[in-house]
Amino acid sequence: MTTRMTLSELHEKWPCKDFGTVVDVLAANYRSTEDLACWDRATVATRHIDRSQLIDDPDADDSWRKINSLRLEIRRQKSLPPLVLVHTLQAGGDDYLFLIDGFHRFNAAHLEEASQLSAWVAHIGCCDGPAPDMDQPRSHDPSR
């Protein structure tokens with residue numbers, strides 16, 4: 001059985017530049033905090049990541065610049081920071097990964113046909129969350 005970590009523990013070992021945003025999304029969309037021990041570091045198949053998160057705006061110049069720069073990094077075989085994903089199971093038992101952070105990295109990898117990416121994956125529904133988590137005091141600064 002895999003020992004799962006909290007998002008805070010992951011962030012302490014491998015800092016995430018958008019940690020505050022990830023915490024906000026967890027609270028708003030998943031009723032969870034960074035203290036729920038439901039996280040794994042993993043290599044994920046890009047085909048399992050929600051396709052609705054692919055860029056569809058040809059006029060998003062800043063995003064395209066970032067994506068194209070990351071594509072070059074992928075071609076140079078540079079490792080990219082991990083994506084931040086939430087895992088759920090779909091009907092039929094198929095894995096489904098929803099992107100919380102890493103939009104540009106995911107799009108660059110998709111365009112470069114990279115089959116796998118490094119990620120932090122939250123298994124919120126698989127670890128009795130978020131209900132037990134919401135009953136616990138929050139460890140992060142409430143002013144965030």
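Provided above is the structure to which this section pertains.
All values reported here derive from a predicted model rather than from experimental measurement.

What counts and how
- Residues numbered from 1 in each chain as written.
- Predicted model: local features only at pLDDT ≥ 70, side-chain atom pairs only at ≥ 80, totals over all residues.
- Heavy atoms only, no water.
- Patch = residues over 30% accessible without salt bridge, like charges linked within 9 Å, V, L, I, M, F, W, Y side chains within 5 Å.
- Areas by Shrake-Rupley, 256 points an atom, 1.4 Å probe, with all protein chains shown as cover.
- Salt bridge = Lys/Arg side-chain N within 4 Å of Asp/Glu carboxyl O.
- Lys, Arg positive; Asp, Glu negative; His and termini not counted.
- Charge placed at Lys NZ, Arg CZ, Asp CG, Glu CD.
- Helix = DSSP H or I, 4+ residues; strand = E, 2+ residues; numbered from the N terminus.
- Buried < 20%, exposed > 50% of the residue type's maximum accessible area, 1.4 Å probe, protein only.
- Pairing = 2+ DSSP bridges.
- Expected span 1.5 Å × (residues − 1).
- Arc of directions from axis to C-beta.

1. Section: a negative patch on the surface
Thought 1: Negative charge collects at one region of the surface, where D56, D57, D59 and D61 lie side by side.
Thought 2: By secondary structure assignment, the location of D61 is in helix α3 (residues 61-75).

2. Observations regarding the pairing of strand β4 (residues 116-122)
Thought 1: Most of β4 is tucked away: 5 of the 7 residues are buried.
Thought 2: In terms of strand pairing, strand β1 (residues 39-45) meets β4 through 7 bridges, oriented antiparallel. Of the residues in β4, the one forming a bridge with A45 is Q116.

3. So, the pattern of salt bridges
Thought 1: Per the counting criterion, the structure on display carries 7 salt bridges.
Thought 2: Between R4 and D40 there is a salt bridge, and its shortest N-O distance comes to 2.9 Å. Residue R4 is found in the segment before α1 (7-13), and its partner D40 is found in strand β1; the two are separated by 36 residues along the sequence.
Thought 3: When the shortest N-O distance is used, the salt bridge between D62 and R65 registers 2.5 Å. Note that D62 and R65 are positioned in helix α3 at a spacing of 3 residues, about one turn of the helix.
Thought 4: For D62, a relative accessible area of 51% corresponds to the exposed category.
Thought 5: Because the salt bridges share partners, they merge into one network encompassing R71, R75 and E112.

4. Regarding helix α2 (residues 19-30)
Thought 1: Compared with an ideal rise of 1.5 Å per residue, which puts 12 residues at 16 Å, α2 spans 15 Å between its outermost C-alpha atoms and is within 8% of the ideal.
Thought 2: Every buried residue of α2 is accounted for by F19, V22, V23 and L26. All buried residues of α2 lie within an arc of 100 degrees about the axis, which places them on one face of the element. The outward face of α2, more than 90 degrees from its buried face, is lined by the exposed residues A28 and N29.

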